[in-house]
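Chain by chain, the residues run as shown.
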Amino acid sequence: MKLFFLLFLFMPLNEIKKSPSDFENELTYIVKNFKENIMDEYECRKLMNNAGSVSDEIEEELNDSNQYSSYEISQLRELKTKAEALQSYIGGVGSCASAMFPTFKEFEIANQMVWGSVSNVSQGKFCVDFISVTIGSYVVYMAKNSTSINYTVKYNWKNNNGTSKGNGTMGLPDKTIRSIYNNRSKQTQNRITIVGVTCTPI
């Protein structure tokens with residue numbers, strides 16, 4: 001037993017590898033914590049960075065893939081795609097990184113992991129569409145650019161009784177979605193109406 005321990009202690013680090021299931025478990029843990037702590041912007045940002053770190057770690061493993069079977073390499077590539085999508089999703093849907101706007105594919109991949117409830121808010125009425133995503137008590141409204149044009153989008157919204165209003169201007173590349181409002185700072189205000197949108201091609 002002592003000999004085994006000594007051999008393990010002096011084993012080269014590159015001989016100790018993570019399995020694809022190890023990375024899968026890390027992503028599952030991130031998703032669980034994101035859903036539980038989504039109202040905490042600091043925690044949200046930390047989990048976004050954790051997903052990015054998992055992606056980077058998988059990339060390192062793929063760059064030295066001799067220790068993996070072809071099946072494991074395929075699994076690692078799929079997990080890297082999931083980690084990248086989850087990072088973008090947490091940043092965008094979690095509204096904790098202004099520069100994060102998931103592509104449609106990233107949103108689809110990550111939402112299958114998070115199981116956010118997606119609703120169409122406005123479709124075909126404006127130059128871009130709008131959806132809402134609900135995760136527990138958290139609600140985020142997002143602009144959705146289904147066109148092949150990159151836009152600068154100006155928007156206005158109000159709450160249902162008109163006592164609260166907001167507006168903004170943002171870039172929105174084609175086939176991406178981007179947050180315009182969330183109820184993190186005022187949890188009871190979880191419904192808004194989009195009242196005006198203009199799009200300028202970039």
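Residues numbered from 1 in each chain as written. Predicted model: local features only at pLDDT ≥ 70, side-chain atom pairs only at ≥ 80, totals over all residues. Heavy atoms only, no water.

Chemist: Hey, could you go over the packing of aromatic side chains for me, with residue numbers and the actual values?
Modeler: With the rule as written, the count across this model stands at five aromatic pairs. Between the aromatic rings of Phe-126 and Phe-130, the centroid separation amounts to 6.2 Å while the plane-to-plane angle is 85 degrees, which identifies the pairing as edge-to-face. Each member of the pair, Phe-126 as well as Phe-130, is classed as buried. Above the face of the Phe-104 ring, Lys-144 is positioned so that its terminal group lies 5.4 Å from the ring centre. (Phe/Tyr/Trp six-rings, centres within 6.5 Å; stacked < 30°, edge-to-face > 60°. Buried < 20%, exposed > 50% of the residue type's maximum accessible area, 1.4 Å probe, protein only. Lys NZ or Arg CZ within 6 Å of the ring centre and 35° of its normal.)

Chemist: Provide a residue-level description of the sheet that holds strand 2 (residues 129–135), including the pertinent values.
Modeler: Pairing is antiparallel in the open sheet, where four strands are placed in the order 1-2-3-6. Each edge of the sheet is formed by a strand with only one pairing partner; in this case those strands are strand 1 (117–122) and strand 6 (176–182). For this sheet, the mean inter-axis angle between neighbouring strands, taken without regard to orientation, is 30 degrees. (Pairing = 2+ DSSP bridges. Helix = DSSP H or I, 4+ residues; strand = E, 2+ residues; numbered from the N terminus. Axes fitted to C-alpha atoms, helices over the stretch in contact; angles between N-to-C directions.)

Chemist: Help me get a handle on the environment of Cys-44, residues and values and all.
Modeler: Tracing the backbone shows Cys-44 in helix 3 (residues 41–63). Put simply, Cys-44 and Gln-67 are 23 residues apart on the chain and 34 Å apart in space, counted from C-alpha to C-alpha. Excluding its chain neighbours within four sequence positions, the residues that come into contact with Cys-44 are Phe-34, Ile-90, Gly-94, Cys-96 and Arg-184. (Contact = heavy atoms within 4.5 Å.)

Chemist: Describe in detail the sheet that holds strand 4 (residues 151–159), supporting the description with residues and values.
Modeler: Sheet architecture is open: three strands sit in the order 5-4-7, paired in antiparallel fashion. Of all strands in the sheet, those bounded by a partner on one side alone are strand 5 (165–172) and strand 7 (192–201). Shown here is a sheet whose adjacent strand axes are inclined to one another by a mean of 15 degrees, direction ignored.

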